[in-house]
Amino acid sequence: MKVLVGIKRVVDAYVRVRVKSDGTGVDLTNAKMAINPFCEIAVEEAIRLKEAGAADEVIAVSIGPAAAQEQIRTALALGSDRGILVQTEEALEPLAVAKVLKAIVEKEGIDLVILGKQSIDTDNNQVGQMLAALLNVPQGTFACKAEVKDGKIEVTREIDGGEQTVMLDLPAVVTTDLRLNEPRYASLPNIMKAKKKPIDTLSAADLGVEVGSNIKTLSVAPPAERSAGVKVESVAALVDKLKNEAKVI
Amino acid sequence: MSILVIAEHDNGSLKTATLNTVTAAAAIGGDVDILVAGYGCDAAAQEAAKAAGVGKVIVADNACYEHQLPEAVAPLVAEVGKGYTHILAAATTTGKNLMPRVAALLDVDQISDIIEVKGEDTFVRPIYAGNAMATVQTSDPIKVVTVRTTAFAEAAKDGSATVESNAHTVEQSKAQFVGEQLSKSERPELTAASVVISGGRGMQNGENFALLEKVADKLGAAIGASRAAVDAGFVPNDYQVGQTGKIVAPDLYIAVGISGAIQHLAGMKDSKVIVAINKDEEAPIFQVADYGLVADLFKALPELEEAL
Ligand SMILES: Cc1cc2nc3c(=O)[nH]c(=O)nc-3n(C[C@H](O)[C@H](O)[C@H](O)COP(=O)(O)OP(=O)(O)OC[C@H]3O[C@@H](n4cnc5c(N)ncnc54)[C@H](O)[C@@H]3O)c2cc1C
Ligand SMILES: Nc1ncnc2c1ncn2[C@@H]1O[C@H](COP(=O)(O)O)[C@@H](O)[C@H]1O
């Protein structure tokens, strides 16, 4: 079984981003960049499948700037076999990303795609579902458990009311939720070994994919700030404020 | 303009998230219809017909839609939705699972999790865990949109839409429903509750959540949690409030033993009144709290229960 994982280069989850004063976007100059945390979970899951003998090869793909090589290297250090960088300087919308991934799935003959459920920068939560539609394959989104069984994959999904389990024919697309696994750290020897693993670089055009979109970002603004509140001295004072000032209880 | 709202329901009843979505549809303007896809879902369809301002409820009642698997429902929605300018659903786990699949079938982008309608093609949505608000415009012929329910009030239930059935079926066997483990609770639903009390890592273990429950009982509150509390197994997954969990905006949100990481704030900072109880006076949660109590929660919670 061949597994493809999609990894996105995003700002580190713990960086507090600021909106640019001209309202065109957020200021990422010198910001620490990382693999999207959900993609890290996807990489970990793929490697565990390989270690368990269920997967033969794990390919990590990122669509992004040349610098996304760093995130692909990390995925290789964690145990992926090889990388693909689909290089583009502009940020693509999820549908375009899904189209690029579809082309790679078909070119490589992929049986299982594991993606994150959500990019923590654009907060879209779309690519996996779109890719599944384009490939006409089943989807197991927001997975907290995934098990390959007799040519199928059983996925337990985190849903608003609890959990749901579905059985999917392969090929399939799975997207990861936070509790699917706890990603390992790359060891120094593996980081060294990763330097020799191959990364192919290509463009969307090489794959014959049109990446335009009909969405335009008109402006980006900071959120409304909450005004600073007060500290209360005791539980009694708190209850008094809630009853008589805020009038919420 | 004509807008198709995808109902969220469990066959037997309509979820209120549908009513929030109808309000977002009304803000866009034009005719609003609701699609109810399910099995034995007549009760849900009758409820949907009462949503104010809705012209028509389309019911696709067939065994193939019983568990709302997107492999079956997305082709139906794409088929029915072809005749509309907009397709809207709530940004719940059901809507998030379904709608991008619909958008891809229609070869259009999706706009996720809108909090404001600026015009028929222009919407505001949070990005970067709510640290920025993007205004986006789309020229797609069909606009596929998911709606943050806390940003739109529930539509009234005094309407009388016509109900018509749709016989379209989707045969698929690639995805099969195996089972569901739904958390049962007597408490109000987290995303719709007017009071929410959440616990974090400071609660130390699951048993201690009993302290929160006693306060919640007095306030008629729903119980939530931080990711740390969920990861540690104190409470089930679906308690998680935040960027990647549930978004809540109650009249009163009480954060207990929660530090206030940006990912947590993203899920609750639109609450009307925020209370934080934390023993660390430097905890970032105090920067968004209207009322902060620097105290040991094991002392403060029993006192609070007593005082209510
Ligand atoms: C990709 C990603 C997604 C995430 N999504 C979410 C999300 O959706 N929701 C979410 O919540 N987090 C999310 N997180 C995690 C987030 O970054 C924080 O790690 C998490 O919110 C911390 O939870 P906490 O505040 O309970 O724990 P901590 O940060 O450990 O804080 C515990 C607090 O309890 C206080 N405390 C301890 N003992 C007591 C006591 N006896 N009395 C009073 N106070 C006490 C401490 O002072 C401290 O402030 C996400 C992280 C990532 C990387
Ligand atoms: N540029 C990208 N390159 C590779 N994978 C991506 C990219 N964008 C999104 N993905 C994948 O799709 C998932 C969901 O992203 P999104 O739909 O943007 O929230 C991510 O966690 C990745 O696995």
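Caption draft 1: Quick look at the nonpolar core. Grouped together as the largest cluster of nonpolar side chains are 58 residues, with contacts concentrated most on Val86 and Val100 of chain A together with Ile6, Tyr65 and Ile87 of chain B. Broken down by element, the residue count for this core peaks at 9 residues, all from helix 3 (residues 94-108) of chain A. For Val100 of chain A, the residues in contact, after removing those within four places along its chain, are Ile63, Val86, Leu92, Ala204, Leu207, Val209 and Val211 of chain A. By size, the runner-up hydrophobic cluster in this structure holds 43 residues, among which are Leu14, Ala48, Phe123 and Ala155 of chain B.

Caption draft 2: Broad picture of the sheet that holds strand 1 (residues 2-6) of chain B. Residues and elements named next belong to chain B. Pairing in this open sheet of 7 strands is parallel, and the strands run 5-9-4-1-2-3-10 from one edge to the other. Of all the strands in the sheet, the pair left with one neighbour each is strand 5 (110-114) and strand 10 (162-165). Strand after strand, the sheet turns through a mean of 25 degrees between neighbouring axes, direction not considered. As paired elements, strand 4 (residues 86-90) and strand 9 (residues 143-147) share 5 bridges and run parallel to each other. Across the sheet, residue Ala90 finds its bridge partner in strand 9, namely Val147. In the packing of helix 1 (residues 17-28) onto the sheet, the strands contacted are strand 1, strand 2 (31-38), strand 3 (54-61), strand 4 and strand 9, and the crossing angle to strand 4 comes to about 145 degrees.

Caption draft 3: Representation of the side chain of Asn36 of chain A within the structure. Mapped onto the secondary structure, Asn36 of chain A falls in the loop between strand 5 (33-35) and helix 1 (37-51). Beyond its immediate sequence surroundings of up to four residues, Asn36 of chain A is in contact with Lys8, Val10, Gln118, Ser119 and Ile120 of chain A.

Caption draft 4: Summary view of the environment of Asn136 of chain A. Tracing the backbone through its elements, the reader meets Asn136 of chain A in the loop between helix 4 (127-135) and strand 9 (139-149). Residues Asn136 of chain A and Gly23 of chain A lie 113 residues apart in sequence; the distance between their C-alpha atoms is 39 Å. The residues touching Asn136 of chain A, leaving out its near neighbours within four places in the chain, are Arg101 and Lys174 of chain B.

Caption draft 5: Local environment of the confidence of the model for chain B. On average, chain B scores 97 in pLDDT, and the residues at 70 or more come to 100%. Reported confidence for the predicted complex is 0.97 by ipTM and 0.98 by pTM.

Caption draft 6: Expanded view of the site of ligand 1. Close to ligand 1 lie 30 residues; Arg201, Ser226, Gln240, Ser259 and Gln263 of chain B are nearest. Residues lining ligand 1 come from chains A and B. Between an oxygen atom of ligand 1 and a main-chain N or O atom of Gln243 of chain B, the distance comes to 3.3 Å. Notes on ligand 1: free accessible area 990 Å², of which the protein chains cover 87%. The set of elements that each furnish at least two residues to the shell around ligand 1 consists of helix 1 of chain A together with helix 6 (227-231), helix 7 (262-265) and helix 8 (297-307) of chain B. Partitioning the shell around ligand 1 into residue classes produces 12 nonpolar, 13 polar and 5 charged.

What counts and how
Residues numbered from 1 in each chain as written. Chains lettered and ligands numbered in written order. Predicted model: local features only at pLDDT ≥ 70, side-chain atom pairs only at ≥ 80, totals over all residues. Heavy atoms only, no water. Core = buried A, V, L, I, M, F, W, Y, C linked by side-chain atoms within 4.5 Å. Buried < 20%, exposed > 50% of the residue type's maximum accessible area, 1.4 Å probe, protein only. Helix = DSSP H or I, 4+ residues; strand = E, 2+ residues; numbered from the N terminus. Contact = heavy atoms within 4.5 Å. Pairing = 2+ DSSP bridges. Axes fitted to C-alpha atoms, helices over the stretch in contact; angles between N-to-C directions. pLDDT = per-residue confidence, 0-100. Near = heavy atom within 4 Å. Polar contact = N/O pair within 3.5 Å; in protein donor to acceptor, adjacent residues only side chain to side chain. Areas by Shrake-Rupley, 256 points an atom, 1.4 Å probe, with all protein chains shown as cover. Nonpolar A, V, L, I, M, F, W, Y, C, P; charged D, E, K, R; others polar.

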